[in-house]
Amino acid sequence: MTILSIIYITLAACVALGFSYFQYYVKSKRNGKERLILFILRALSVFTLLFLLINPKIKSVFVEREKPDLVLALDNSESISHLNQENNLSKIASFFNQDEEINERFNVQNIGFGTEISTQDSVDFSAKQTDIFKALDAIKSSFKNKQNATILVTDGNQTLGRDFQYFSAAKNQKIFPVIIGDTTKFPDLSISKLNVNRYAFLENKFPVEVFVNYSGSKNVALRFTISTNGKTVFSEDLNFSEENRSVRVEANLPASQLGTQTYSAEILPLENETNTINNQNNFAVEVIDERTSVLIVSSIAHPDLGALKKSIETNKQRKVTVKYTSENNVKLNEYQLVIFYQPNNNFNNWFELVDKANLNYFIITGTKTNWSAIQKSLPFLSKTGSNTEQDFYAEMNANFNQFQFEDIGFLDLPPLQDKFGDLKIDTDFETLLYQNIEGVSTKDPLLLIAKNNDRSSAFLFGENIWRWRTKIFVENQSFEKFDNFIGGLIQNLSSKKKKERLNIEYESFYYSNEIVKFDAQFFDENYQFDPNANLQIELKNDSLNSVLDSRFLLRNNFYQVSFNDLQPGEYHFTVSEENSGIKKSGKFSVILFNVEEQFSSANFSKLKNLADKNESQVYLPDQLENLKSELLNDNRFSIIRKESTKSQPIIEWYILLFILVGLLAGEWFYRKYKGLI
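Residues numbered from 1 in each chain as written. Predicted model: local features only at pLDDT ≥ 70, side-chain atom pairs only at ≥ 80, totals over all residues. Heavy atoms only, no water.

Let's talk about the sheet that holds strand β26 (residues 502–505)
Then, in step 1: As summarised here, the arrangement of the four strands in space is β26-β28-β32-β31, forming an open sheet in which the pairing is antiparallel. Strands at the two margins of the open sheet, each flanked by one partner only, are β26 and β31 (553–555). Between one strand and the next, the sheet's axes are offset by a mean angle of 30 degrees, whatever the strand orientation. (Pairing = 2+ DSSP bridges. Helix = DSSP H or I, 4+ residues; strand = E, 2+ residues; numbered from the N terminus. Axes fitted to C-alpha atoms, helices over the stretch in contact; angles between N-to-C directions.)

Some remarks on the packing of aromatic side chains
Aromatic rings considered in pairs are described by the distance between their centres and by the relative angle of their planes.
Then, in step 1: Taken as a whole and assessed by the stated rule, the structure comprises 31 aromatic pairs.
Then, in step 2: Between the aromatic rings of Phe518 and Phe588, the centroid separation amounts to 5.7 Å while the plane-to-plane angle is 70 degrees, which identifies the pairing as edge-to-face. Taken together, the residues Phe518 in strand β28 (residues 516–522) and Phe588 in strand β34 (residues 583–591) connect sequence positions 70 residues apart. By the burial criterion, Phe518 is buried, and Phe588 matches it.
Then, in step 3: Taken together, a centroid distance of 5.0 Å and an interplanar angle of 85 degrees make the contact between Trp668 and Phe669 edge-to-face.
Then, in step 4: Of the residues examined, Phe669 reaches a relative accessible area of 53% and is grouped as exposed.
Then, in step 5: Put simply, the rings of Phe340, Phe347, Phe351, Tyr361, Trp371, Phe380, Phe459 and Phe461 pair up and form one aromatic cluster.
Then, in step 6: When the ring centre of Phe479 is taken as origin, the NZ or CZ atom of Arg469, which lies over that ring, is 3.9 Å away. (Phe/Tyr/Trp six-rings, centres within 6.5 Å; stacked < 30°, edge-to-face > 60°. Buried < 20%, exposed > 50% of the residue type's maximum accessible area, 1.4 Å probe, protein only. Lys NZ or Arg CZ within 6 Å of the ring centre and 35° of its normal.)

Let's talk about the pairing of strand β10 (residues 220–228)
Put simply, side chains in a regular strand alternate between the two faces of the sheet.
Then, in step 1: Bridging between β10 and strand β11 (residues 231–240) involves nine bridges; their strand directions are antiparallel. Counted as the bridge partner of Leu222 is Leu238 from β11.

Focus on the environment of Val208
Then, in step 1: If you trace the backbone, Val208 turns up in strand β9 (residues 205–215).
Then, in step 2: Residue Val208 is classed as buried on the basis of its relative accessible area of 2%.
Then, in step 3: Spatially, the C-alpha atom of Val208 lies 8.1 Å from that of Val249, the residues being 41 residues apart in sequence.
Then, in step 4: If we skip the residues at most four places from it in the chain, Val208 touches Leu194, Asn195, Val196, Ile226, Val249, Glu250, Ala251, Leu253 and Phe283. (Contact = heavy atoms within 4.5 Å.)

Section: the nonpolar core
Then, in step 1: Formed by 37 residues in total, the largest nonpolar core has its most connected members in Phe362, Phe410, Leu432, Leu433, Trp468 and Phe485.
Then, in step 2: Among the elements that line this core, the one with the most residues is helix α11 (residues 480–494), at six residues.
Then, in step 3: The residues touching Phe485, leaving out its near neighbours within four places in the chain, are Phe405, Ile408, Phe410, Leu432, Leu433 and Leu447.
Then, in step 4: Leu194, Val247, Ala265 and Leu270 belong to the second largest nonpolar core, which has 34 residues in total. (Core = buried A, V, L, I, M, F, W, Y, C linked by side-chain atoms within 4.5 Å.)

Some remarks on unusual backbone geometry
Then, in step 1: At Glu438, a residue that is not glycine, the phi angle is positive and equals roughly 50 degrees.
Then, in step 2: Secondary-structure assignment places Glu438 in the loop between β23 (429–437) and β24 (440–452).
Then, in step 3: Notably, Gln477 is not glycine yet its phi reads approximately 55 degrees, a positive angle.
Then, in step 4: Structurally, the position occupied by Gln477 is in the loop between α10 (466–476) and α11.
Then, in step 5: What makes Gln477 exposed here is its relative accessible area of 58%.

Topic: the sheet that holds strand β5 (residues 148–154)
Then, in step 1: The strand order β4-β3-β2-β5-β6 describes an open sheet built from five strands, whose pairing is mixed. Every interior strand has two partners, whereas the edge strands, β4 (117–118) and β6 (173–179), have only one.
Then, in step 2: Pairing between strand β2 (residues 69–75) and strand β3 (residues 107–113): seven bridges, direction parallel. When the sheet's bridge partners are listed, Leu72 is paired in β3 with Asn110.
Then, in step 3: Those strands touched by helix α12 (residues 604–613) are β5 and β6, and its axis lies near 160 degrees from that of β6.

Regarding the packing of helix α2 (residues 33–54) against helix α14 (residues 654–673)
Then, in step 1: Relative to each other, α2 and α14 sit at 155 degrees, their axes nearing to 9 Å. As the angle between them shows, α2 and α14 are arranged roughly antiparallel. Seen from above, α2 lies across α14 with left-handed handedness. Contacts between α2 and α14 involve Glu34, Ile37, Leu38, Leu41, Arg42, Leu44, Ser45, Thr48, Leu49, Phe51 and Leu52 from the first element and Leu656, Leu660, Leu663, Leu664, Gly666, Glu667, Tyr670 and Arg671 from the second.
Then, in step 2: Counted by class, the contact of α2 with α14 contains 12 nonpolar, three polar and four charged residues. (Parallel < 35°, antiparallel > 145°, perpendicular 65-115°, else oblique. Left-handed = near helix turned anticlockwise from the far one by under 90°. Nonpolar A, V, L, I, M, F, W, Y, C, P; charged D, E, K, R; others polar.)

Topic: the pattern of salt bridges
Then, in step 1: For the structure shown, the criterion picks out 17 salt bridges.
Then, in step 2: Ionic contacts of the salt-bridge type, sharing partners, join the residues Asp99, Glu101 and Lys628 into one network. (Salt bridge = Lys/Arg side-chain N within 4 Å of Asp/Glu carboxyl O.)

Examining the packing of helix α1 (residues 3–27) against α2
Then, in step 1: Close contact between α1 and α2 brings their axes to 8 Å; oriented N to C, the two are set at 150 degrees. Put simply, α1 runs roughly antiparallel to α2. Crossing angle aside, the handedness with which α1 passes α2 is right-handed.
Then, in step 2: Here the residues of the contact of α1 with α2 sort into 20 nonpolar, two polar and two charged.

Focus on the environment of Ile92
Then, in step 1: Among the secondary structure elements, Ile92 is positioned in helix α4 (residues 86–98).
Then, in step 2: Each C-alpha atom, one on Ile92 and one on Leu72, is 9.3 Å from the other, the two residues being 20 residues apart in sequence.
Then, in step 3: Each residue touching Ile92, except ones within four places of it in the same chain, is listed here: Val153, Val178, Ile180, Pro621 and Leu624.

Section: empty space enclosed by the protein
Then, in step 1: Applying the stated rule across the entire model yields one cavity of 30 Å³ or more.
Then, in step 2: There is about 30 Å³ of room inside the largest cavity.
Then, in step 3: Along the walls of the largest cavity sit Phe362, Leu447, Leu460, Ile465, Trp468, Phe485, Ile486 and Leu489, which together make up its complete lining.
Then, in step 4: For the lining of the largest cavity, the residue count by class is eight nonpolar, no polar and no charged. (1 Å grid on protein atoms, 1.4 Å probe; cavity = no way out; pocket = protein on both sides within 12 Å on 5 of 7 lines; lining within 4 Å. Points joined across faces, edges and corners; volume = space filled by probe spheres on them.)

As for α2
Then, in step 1: Taking 1.5 Å per residue as the helical rise, α2 with its 22 residues ought to reach 32 Å, and the 32 Å between its terminal C-alpha atoms agrees with that figure.
Then, in step 2: Among all positions in α2, only Arg35, Leu38, Phe39, Leu41, Arg42, Ala43, Ser45, Val46, Thr48, Phe51 and Leu52 are buried.
Then, in step 3: On the buried face of α2, the contacting elements are α1 and α14.
Then, in step 4: Backbone geometry just downstream of α2 places Asn55 in the positive-phi region, at approximately 50 degrees. (Expected span 1.5 Å × (residues − 1).)

Set out below in structure tokens:
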């Protein structure tokens, strides 16, 4: 309150006393107790009114105690239960949550971590993987403006994310690792890492890379095997010693059967080895058949034929056969694609056979092409004009979207040659390359793809494509760019996949620690995406006698559904659209693998490195009192006293208004009682 306010209040008191004295002692003739009571009531009411009119501001000082945060980061992964450390972790959490001195000094907060971060007070040790770095980084971000101590309670076995031993805490953060689990290193063999592609080609071999680790001091020699369906397909004797603790094994396994093939990689256990779960690792490979046989039919010899054959066969899954129109006894059912090179009248019978076999085809025209023969067999395609030869440069269509391909510098490639004339195409098609004549883009197709239901065809209007391959080799010392372009075109043409209204994307197998996810698209009768579809999925596992069903959720331009914690086994599913009745079925396998059970002890060394990097130390469960003492004696975690001043006008004190009304009402009732009114 200011001095001026005090002066005003003093004057108000004088005015109130003077006014009341004048009214009841000077002007009034009454005597005794009655006059004194009225004098007091009137003086108080006048003073209260003047006090409210002066409206002085009262300043209040508030003192707050701000505690630092103590974050208990609790490992919620399955490895804790695998190492039988649930009780230890719970005791550590209870110690800090219930200790009076700790709670007097800190705001204790609990988080659980595994794959994700959880703020629930309790943990159930259900996380399939552990990301310690993510948990520490989340704490660092959440408490960046406050002083905090983090007690990291974990076994140090991380299966996901960045290596936590290199994590750097913020200046206001201190990390105290508490390690749970046996830190004793028992002799142990484990498969630490296994690398394999998810897919392999039929009748090929696929590589498998396995890293086998050893912790022990003795020299040991044990057999490593890979088996499938109880049959060993690979074996090798591995030697380990104190100096040679890791062995890399490479195996090339045959892909001899279509479908998902499951394998088991195993290193035989040591004598009296405590943890043998990590001696085995199951994996799966989907064997697919991408072999493509391409037939090139021509009536003339030309360098293009050899260039196409070499380019297509750079993919070892593709084989090219060149036949001339005079040859007979060709079995078209052995081929997925036919290339007609510069057709003429000798091709009429070939066109009929390919049409009956419902094969996709690729037509390349040139200066020796008979367009009348093409129009006779393919009425939707014709070319009118002279027999004058013309050079056509290639210009890429940036809006082509049937499949992805790279611009290999088409405009700079040598021109293709064909007869000059006007093309007429009476079918739906999409242009890959436009014709460019002497630097002028004509927007007429040079290379196009036409679709007719489930059948595809392509047309290249120009010969001498061998010059393209040669030019690209001269510039890049490699045919790769050209071969990739031709390979993408051949792959698209050789595919017999029909356009369907319901498309589902999923993997043929999942590991038991993975989320099983399905993506789906549903199209209306005009093959436009339908955002109002009602898609449902039903999962069945006959061996487990279980049935699961769920509904797809719309996410942008696709539908999605996922399942967690599916038991290992083979599953059949049916996806149905409720409004149209369209259904689609399939199957997949869940392969047994639990990465959290691959550990036999706690990872003391990494937690020690984390503590050293952040100028702290590692604690064991029997050292909690030491950690408590460290926390309480660390001046960085002192309670901060904060004073705040608040000014409040007297007019906001509503009680004074009630007092004023009470005084005036009291005076009125007293005067009434005495008969003065």
